[in-house]
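# Analysis of the macromolecular model
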Amino acid sequence: MITSKEFARRRKDLMAMIGKNAIAIVPAAAEQTRSRDTLYPYRQSSDFHYLSGFPEPEAVLVLIPGRAKGQFIVFCRERDRERETWDGYRAGPEGACEQYGADDAFPIADIDDILPGLLEGKSKVYSALGKDKDFDQRLMEWVNSIRAKARTGAVPPGEFVDLDHLLHENRLFKKPAELKLMRRAAKISAEAHCRAMRASKPGLNEYQLQAEIEHTFAMEGASFPAYTSIVGGGDNACILHYVENNQPLNDGDLVLIDAGCEYQYYAADITRTFPVNGRFSPAQKAIYELVLKAQLAGIEAARAGNHWDAPHQATVEVITAGLVKLGLLKGSVKKLIAAGAYSEFYMHRAGHWLGMDVHDVGDYKVDGEWRLLEAGMVMTIEPGIYIAPDCKKVAKKWRGIGVRIEDDVAITRRGTEVLTAGVPKTVAEIEALMAA
Ligand code: GLY
Ligand code: MN
Ligand code: MN
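Residues numbered from 1 in each chain as written. Chains lettered and ligands numbered in written order. Predicted model: local features only at pLDDT ≥ 70, side-chain atom pairs only at ≥ 80, totals over all residues. Heavy atoms only, no water.

### Brief notes about the overall build of the protein chain
Selection criterion: A run of H or I in DSSP counts as a helix once it spans at least four residues, and a run of E counts as a strand once it spans at least two, with each numbered from the N terminus. Relative accessibility decides the category of a residue: with a 1.4 Å probe and only protein chains considered, values under 20% of the type maximum give buried, values over 50% give exposed, and everything between is partly exposed. We call two residues contacting when some pair of their heavy atoms lies within 4.5 Å. Computed by Shrake-Rupley with a 1.4 Å probe, the accessible areas treat only the displayed protein chains as cover when residues are assessed.
Scanning the protein chain from terminus to terminus reveals 13 helices and 21 strands. Across its three principal axes, the protein chain shows a C-alpha extent of roughly 80 × 50 × 40 Å. Taken across its 436 residues, the protein chain has 52% of its residues classed as buried. A sequence separation of at least 24 residues applies to 70% of the contacts in the protein chain between residues at least 6 apart. Carbon and sulfur atoms provide 51% of the accessible area of the protein chain, an area that totals close to 20300 Å².

Here is the structure:
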């Protein structure tokens, strides 16, 4: 759990970065229509949650370092007995102060009257520019309302700065309480993958394995999948973001499952590929073991002091050399790497930052160079090989094989912690689990 003290520390860190004379403004996520008058389940924006824990839509969070009457201000919906009877509890401005630690809180309906006064006299405004057109426009309207009063001595802010850069640098480094939640998300997700492996058999449909996975998420109190679960049997494993999940699982095929839960706003992201019937064929095993070797090399390279691209390069080297050895690529390994020949079979990068968002925030380059890995960063390592079913240039036995293996790795001072180690990934371990 993230305590209110931790939320307060996050705000304090950010305020120290933006400095006095500045104001930061963060809007809550908007509700999204799913169909007619039915909404998608609401999920607060990660930035808004990170700074407040406040879970409601129609809210705006404002930070004003050094403001004597309070630095943390929330605009939110007022309490409303009838709306709460229909749609659920609202904190109201009183609750924003009492439960979420706001120094000051106002009804969201009053924001046009109050916010210009808070902006006035500040020289810099920090916000996520260009993300939300409507919000950008409203911000300009608030600023313009100050400009319109210039003759009375009102001073509008002169500088608009992107908040994301600073805020996301903080989010990139996971604190102990965050790592604890990420371990939990990873453990639940690992358990879910084990359950799907045990349940697998020819004749099931892809959606039935999806149900096994998401059953564990739900039973463990993980509110949602962190992204749409991917369950691709046979050729479908070669479609990177396959989400139809509605085809029968056939004897002799592999199935690729890429699924992870979100637990208290933190994501896990795991891929395992296994035989539907519990036994790898020789061709499947050859490709699988190559991907595994690449994945282990990638994890080995994910260490503090190495640059961001080192794990990717490690996977590229292993995969290219292995594809030459198996006869899927021909030529010198060095030249094939330089020419990017592997990308016909391995067309994505080895991973991404992981945190509150599955493809989490944080810069990958600093001053034009790959950044160095540091303790507290969490990333995925997920190489794959995907051989298109109609790939005429390789022997028939390879066609339609798609394998990805993905784990979540925290960089520590001493090395790495594989958060998702709870789900097996060697051929022997998988076959043993599925046979049991
Ligand atoms: N599940 C999305 C990804 O692996 O990046
Ligand atoms: Mn994934
Ligand atoms: Mn991933």
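### What to know about the coordination of the manganese ion (ligand 3)
To be explicit about the condition: Donor atoms (N, O, S) are those found within 2.8 Å of the metal centre, with the cutoff raised to 3.2 Å for Na, K and Ca; water is not part of the atom list, so apparent gaps in a site can occur. In this scheme the shape depends on donor count and angles: four donors with every angle between 85 and 135 degrees give tetrahedral, four or six donors with opposite pairs above 155 degrees and others between 65 and 115 give square planar or octahedral in turn, and any other case is irregular.
Taken together, the protein ligands of the manganese ion (ligand 3) are D269 (OD), H352 (NE2), E382 (OE) and E406 (OE), with distances of 2.0 to 2.2 Å. One way to put it: the six donor atoms around the manganese ion (ligand 3) meet at angles of 51 to 156°, and that makes the site irregular. Mapping the donors of the manganese ion (ligand 3) onto the primary sequence gives the spacing D-x82-H-x29-E-x23-E. A separation of 3.3 Å is found between the manganese ion (ligand 3) and the manganese ion (ligand 2), both of which receive a donor from D269. With D269 in the loop between β13 (266-267) and β14 (270-275) and H352 in the loop between α12 (333-339) and β15 (365-366), this residue pair connects regions lying 83 residues apart in the sequence. Both residues of the pair, D269 and H352, count as buried.

### Some remarks on the sheet that holds strand β11 (residues 254-259)
Going by this rule: Between any two strands, pairing holds if DSSP finds at least two bridges. Under this scheme, a helix contributes an axis fitted over its contacting stretch, all axes are lines through C-alpha atoms, and angles between N-to-C directions fall in the 0 to 180 degree range.
Here three strands make up an open sheet; going across it, the order is β10-β11-β14 and the pairing antiparallel. Taken across any chain shown, the strands that pair with only one partner, and hence form the sheet edges, are β10 (230-233) and β14. Sheet twist, expressed as the average angle between the axes of neighbouring strands with direction ignored, equals 10°. Pairing between β10 and β11: four bridges, direction antiparallel. Across the sheet, residue G232 finds its bridge partner in β11, namely L256.

### Focus on the nonpolar core
To keep it simple, the criterion reads: Buried Ala, Val, Leu, Ile, Met, Phe, Trp, Tyr and Cys residues form a nonpolar core when they are joined through side-chain atoms within 4.5 Å.
Judged by nonpolar contacts, the single largest core of 98 residues is most densely connected at I257, I287, F345, I385 and I387. No other element matches the 11 residues that helix α8 (residues 176-199) contributes to this core. In terms of nonpolar packing, the next biggest core, distinct from the first, is built from 19 residues, F75, I108, L119 and W142 among them.

### Here's the deal with the packing of aromatic side chains
Defined as follows: In this scheme Phe, Tyr and Trp rings, the latter by its six-membered ring, pair at centre separations within 6.5 Å, and the angle between planes marks the pair as stacked below 30 degrees, edge-to-face above 60, and tilted otherwise. Geometrically, a lysine NZ or arginine CZ counts as sitting over a ring once it is within 6 Å of the ring centre and also within 35 degrees of the ring normal.
Taken as a whole, this structure holds nine aromatic pairs when the rule is applied. Their ring planes at 80° and their centres at 5.0 Å tell us that F54 and Y100 sit as a pair that is edge-to-face. Here Y100 lies in helix α4 (residues 92-100) and F54 lies in the loop between α2 (46-52) and β4 (60-63), a separation of 46 residues in the sequence. Pairing F280 with Y288 gives two aromatic rings, centres 4.9 Å apart and planes at 55°, and the pair type is tilted. One exposure class covers both F280 and Y288, and it is buried. Its end group placed over the ring of Y263, R184 keeps NZ or CZ at 5.5 Å from the ring centre. Positioned above the aromatic ring of W370, the side-chain terminus of K365 is 4.7 Å from the ring centre.

### Points about the site of ligand 1
Operational definition: It suffices for a single heavy atom of a residue to lie within 4 Å of a molecule or strand for the residue to be listed as near it. Polar contact is the term for a pair of N or O atoms within 3.5 Å; when the atoms are in protein, one must be able to donate a hydrogen and the other to accept it, and sequence-neighboring residues count only if both atoms are side-chain atoms. When residues are sorted by character, Ala, Val, Leu, Ile, Met, Phe, Trp, Tyr, Cys and Pro go into the nonpolar class, Asp, Glu, Lys and Arg into the charged class, and all the rest, Gly among them, into the polar class.
In the vicinity of ligand 1, the contacting residues are Y227, D258, D269, H352, H359, E382 and E406. In this structure, an oxygen atom belonging to ligand 1 sits 3.0 Å away from a side-chain N or O atom of E382. At 3.3 Å, a side-chain N or O of E406 approaches an oxygen atom of ligand 1. With the chains in place, 90% of the 200 Å² that ligand 1 exposes on its own is no longer accessible. For the shell around ligand 1, the class distribution of residues is one nonpolar, two polar and four charged.

### Let's talk about the coordination of the manganese ion (ligand 2)
Those protein atoms acting as donors to the manganese ion (ligand 2) are D258 (OD), D258 (OD), D269 (OD) and E406 (OE), and they sit at 2.0 to 2.4 Å. For the manganese ion (ligand 2), the six donor atoms in the first shell make angles of 56 to 170° at the metal, so the coordination geometry reads as irregular. The motif formed by the donor residues of the manganese ion (ligand 2), counted along the single chain, is D-x10-D-x136-E. The class for D269 is buried, based on a relative accessible area of 3%. Owing to a relative accessible area of 0%, E406 belongs among the buried residues under this scheme.

### Here's the deal with helix α11 (residues 310-326)
Definition in use: Helix span, expected: 1.5 Å multiplied by one less than the number of residues in the helix.
Look at α11: 24 Å from first C-alpha to last across 17 residues, which is about the 24 Å you get at 1.5 Å a residue. A310, P311, H312, A314, T315, V316, V318, I319, T320, G322 and L323 are the residues of α11 that are buried. As for α11, its buried residues are in contact with α10 (282-301), α12, β17 (378-381) and β18 (384-386). Count one or two residues on from α11 and you reach G327, which has phi positive near 90°.

### Let's talk about the sheet that holds strand β21 (residues 416-418)
Here we have three strands laid out as an open sheet, ordered β17-β20-β21, and antiparallel in their pairing. The open sheet has two edge strands, β17 and β21, and neither has a second partner. Adjacent strand axes in the sheet meet at a mean angle of 30°, parallel and antiparallel pairs treated alike. As paired strands, β17 and strand β20 (residues 407-411) are joined by four bridges and run antiparallel to one another. Within β20, the residue paired with V378 across the bridge is A410.

### Here we look at the pattern of salt bridges
Rules: Definition used for salt bridges: Asp or Glu carboxyl oxygen within 4 Å of a side-chain nitrogen of Lys or Arg.
Taken as a whole, this structure holds 27 salt bridges when the rule is applied. Measuring nitrogen to oxygen at the nearest pair gives 3.1 Å for the salt bridge that ties R77 to E56. Highlighted residues: R77 in the loop between β5 (72-76) and α3 (81-87) and E56 in the loop between α2 and β4, separated in sequence by 21 residues. The same class applies to R77 as to E56, namely buried.

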